Amino acid sequence: MSLSFSIVRAALVALTICGLLLGCDQQSSSTSATTPTTEQRYSHKLSDKNATPETLALYNNLAGLRGRYMLFGHEDSLAYGVNWEGDPDRSDVRDVTGSNPALYGWELGGLELGHEKNLDGVNFKHMQEWIKAGYSRGGVITISWHMYSPVSGANSWDKTPTVHELVPGGAKHDVFKTYLDTFVAFNEGLVATDEDGNTHSIPIIFRPWHEHNGDWFWWGKGYVSEQDYIALWQFTVKYLRDEKGLHNLIYAFSPDRSRIDLAKFESDYFYAYPGDEYVDVIGLDNYWDLGHEANTASADEQKAGFVTALKGIVKVAQARNKIAALTETGNNRLTIPNFWTERILNPILAGAEAQQITYMMVWRNANLVREKSEQFFAPYPGQATAEDFKTFFAHPFVLFESELPKLYE
Ligand code: BMA
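Residues numbered from 1 in each chain as written. Predicted model: local features only at pLDDT ≥ 70, side-chain atom pairs only at ≥ 80, totals over all residues.

Right, let's get into the overall build of the protein. Of the regular secondary structure elements, the protein holds 14 helices and 13 strands. A principal-axis box enclosing the C-alpha atoms of the protein has dimensions of 60 × 55 × 45 Å. Classification of the 409 residues of the protein by burial places 46% in the buried group. Here the analysis covers contacts within the protein between residues at least 6 apart in sequence; of these, 73% occur between residues at least 24 apart. (Helix = DSSP H or I, 4+ residues; strand = E, 2+ residues; numbered from the N terminus. Buried ≥ 20, exposed ≤ 12 C-beta atoms within 10 Å, placed from the backbone. Contact = placed C-beta atoms within 7 Å.)

Structure (structure tokens):
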């Protein structure tokens, strides 16, 4: 692992120096034919043609790890854990393995209403600091948004048809723009300063309007037409990218596995797909095949379903020169013995295709005292799957923060 990484790293550093000092993209015609152009270095294009160098580098470096490594991520990892809250720098994942996750998930719900904290009690200013800290250590940041409905004022699980009023021409379109503006302002705080004192925006894998093929959010199937959902997504991208000039976003699409029939994976996956020009990560939220309480299939059937679903997104991604990811996954309360090796790692490693996913992220570890109900997707010290999680951590295929190559150059 370290050998191939050091070669890749050396090559990337050389290319970066070349890019910084010489401006390779302008040089390509006048320098030797062996000097790769920016185009060649970054053969995976983003939907944003003006994406920042760090954002484009992240996307292409994730693509470059495929088949050999998968990043492990955790939602709200630094904000609280099952048995702690208020520590400025702690994570249940690190308490068990010694490393932070490689990828950090954060959630904006409530930002649009001017709240100080998100719907799960995470202070937005602290969130910005944790995002900056994770990025400074080489980690990857992804952001979701359980937005409140601008029509009913209720939370994202409200079923009031809303989307038709948000898209251009809708009665709440202007209000919706002010909601998006809160993210623009939040994003302005997400800057990093390099050794030379130059600042740049932190690349973010932005994952709006997730699980839209399910019927639990107001943007979900049944409360919005396919056409309006697509218009909502496209407007979101165009507004942030073209009107507000955000160029640090990688857009992740993430339908829910439970509403996909594996016998017709692609047609179900593409329900309300916004189009290749608006999507960068071919994602999937899959709790279903990992012991979801409503899934009555046997463990073997679920493992097979898990692999088939992963192969499905890998195929879709490869056909479009994009990357695939398990954007949300996990087993709530981790009741399955050896969950990490038997239900995640071994099925992924059993064939060449599922291994092509670039990252997986498990959901949050709700604080037991504050939330008064058990909800966790990563183990904490003493939890039944903690030892198995260490085996998972130690496997060369799985990357945590302490093992990451440089992803931004
Ligand atoms: C859900 C649960 C909720 C939480 C929401 C947004 O899946 O974890 O408790 O409020 O995500 O983070």
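Turning our attention to the packing of helix 11 (residues 299-319) against helix 12 (residues 339-349). Contact geometry for helix 11 and helix 12: axes closest at 10 Å, N-to-C directions at 55°. By the angle class used here, helix 11 and helix 12 are oblique. Two packed elements cross with a definite hand, and for helix 11 against helix 12 that hand is right-handed. Residue-level inspection shows K303, F306, V307 and L310 of helix 11 in contact with helix 12, the latter providing R343, P347 and I348. For the contact of helix 11 with helix 12, the class distribution of residues is five nonpolar, no polar and two charged. (Axes fitted to C-alpha atoms, helices over the stretch in contact; angles between N-to-C directions. Parallel < 35°, antiparallel > 145°, perpendicular 65-115°, else oblique. Left-handed = near helix turned anticlockwise from the far one by under 90°. Nonpolar A, V, L, I, M, F, W, Y, C, P; charged D, E, K, R; others polar.)

Turning our eyes to something else, we now look at the nonpolar core. Membership of the largest hydrophobic core comes to 111 residues, with the highest contact counts inside it found for I141, L232, I250, V281, I357 and L399. At seven residues, helix 9 (residues 226-243) tops the list of elements feeding residues into this core. Residues contacting I141, with those up to four places away along its chain left out, are Y104, W106, I131, G134, Y135, I202, I204 and I205. (Core = buried A, V, L, I, M, F, W, Y, C linked by C-beta atoms within 7 Å.)

A few words on the pairing of strand 9 (residues 249-253). Buried residues dominate strand 9, accounting for five of its five residues. Residue alternation in strand 9 divides its side chains into two sets, L249, Y251 and F253 and I250 and A252, and both sets are buried. Relative to strand 9, strand 8 (residues 204-207) runs parallel, the two sharing three bridges. Pairing of F206 across the sheet is with Y251, part of strand 9. In this fold, the crossover linking strand 8 to strand 9 by way of helix 9 has right-handed handedness. Bridging between strand 9 and strand 10 (residues 281-286) involves two bridges; their strand directions are parallel. What sits directly across from A252, in strand 10, is V281. (Pairing = 2+ DSSP bridges. Right-handed = clockwise from strand over helix to strand, strands pointing away.)

Now for the environment of A319. Looking at the element boundaries, A319 is found in helix 11. Looking at A319, the number of C-beta atoms within 10 Å reads 11, which means it is exposed. Between the C-alpha atom of A319 and that of V96, which follows or precedes it by 223 residues, the distance is 38 Å.

Now for the environment of I250. Within the secondary structure, I250 is located in strand 9. Those residues in contact with I250 that lie beyond four places of it in its chain are L46, T55, L58, Y59, P203, I205, F206, D280 and V281.

It is worth spelling out the packing of helix 8 (residues 173-188) against helix 9 at this point. Contact geometry for helix 8 and helix 9: axes closest at 11 Å, N-to-C directions at 50°. When the axes of helix 8 and helix 9 are compared, the pair comes out oblique. Between helix 8 and helix 9 lies a crossing of right-handed hand. Packed against helix 8, whose contacting residues are K177, L180 and V184, the element helix 9 presents T236, Y239 and L240 at the interface. Here the residues of the contact of helix 8 with helix 9 sort into four nonpolar, one polar and one charged.

One full turn of an α-helix is made of 3.6 residues, so residues set three or four places apart face in the same direction. Taken as a whole, helix 14 (residues 386-394) has its buried residues at D388, F389, F392 and F393. For helix 14, the angular spread of the buried residues around the axis is 150°, confining them to a single face. Contacts made by the buried residues of helix 14 are with helix 5 (92-97), helix 12 and strand 13 (398-399). (Arc of directions from axis to C-beta.)

This brings us to unusual backbone geometry. Despite not being glycine, D76 shows a phi value in the positive range, around 55°. Here the phi dihedral of K372 falls at roughly 60°; this positive angle occurs in a residue that is not glycine. Residue K372 is classed as exposed on the basis of its 8 C-beta neighbours within 10 Å.

Quick look at helix 6 (residues 124-136) now. Look at helix 6: 18 Å from first C-alpha to last across 13 residues, which is about the 18 Å you get at 1.5 Å a residue. All of the buried residues along helix 6 are M127, W130, I131, G134 and Y135. An end-on view of helix 6 places all buried positions within 130° of arc, on one side of the element. Seen from the buried face of helix 6, the exposed residues on the opposite side, beyond 90 degrees, are K125 and S136. (Expected span 1.5 Å × (residues − 1).)

Once that is clear, we can look at the pairing of strand 4 (residues 103-107). Taking burial as the measure, the five residues of strand 4 include five buried ones, the bulk of the element. Every second residue of strand 4 is oriented toward a common face, with L103, G105 and E107 on one face and Y104 and W106 on the other, all of them buried. As defined by bridge partners, strand 1 (residues 70-75) adjoins strand 4 across three bridges and the pair is classed as parallel. Counted as the bridge partner of G73 is L103 from strand 4. Pairing of strand 4 with strand 5 (residues 140-144) involves five bridges; the strand directions are parallel. By the bridge assignment, G105 is partnered in strand 5 with T142. Following the backbone out of strand 4, through helix 6 and into the adjacent parallel strand 5, one traces a crossover that is right-handed.

Take the environment of T199 next. As for its position among the elements, T199 is in strand 7 (residues 199-201). Separated by 103 residues in sequence, T199 and V96 place their C-alpha atoms 34 Å apart. Once residues lying within four places of it in the same chain are set aside, the contact partners of T199 are V191, A192 and T193.

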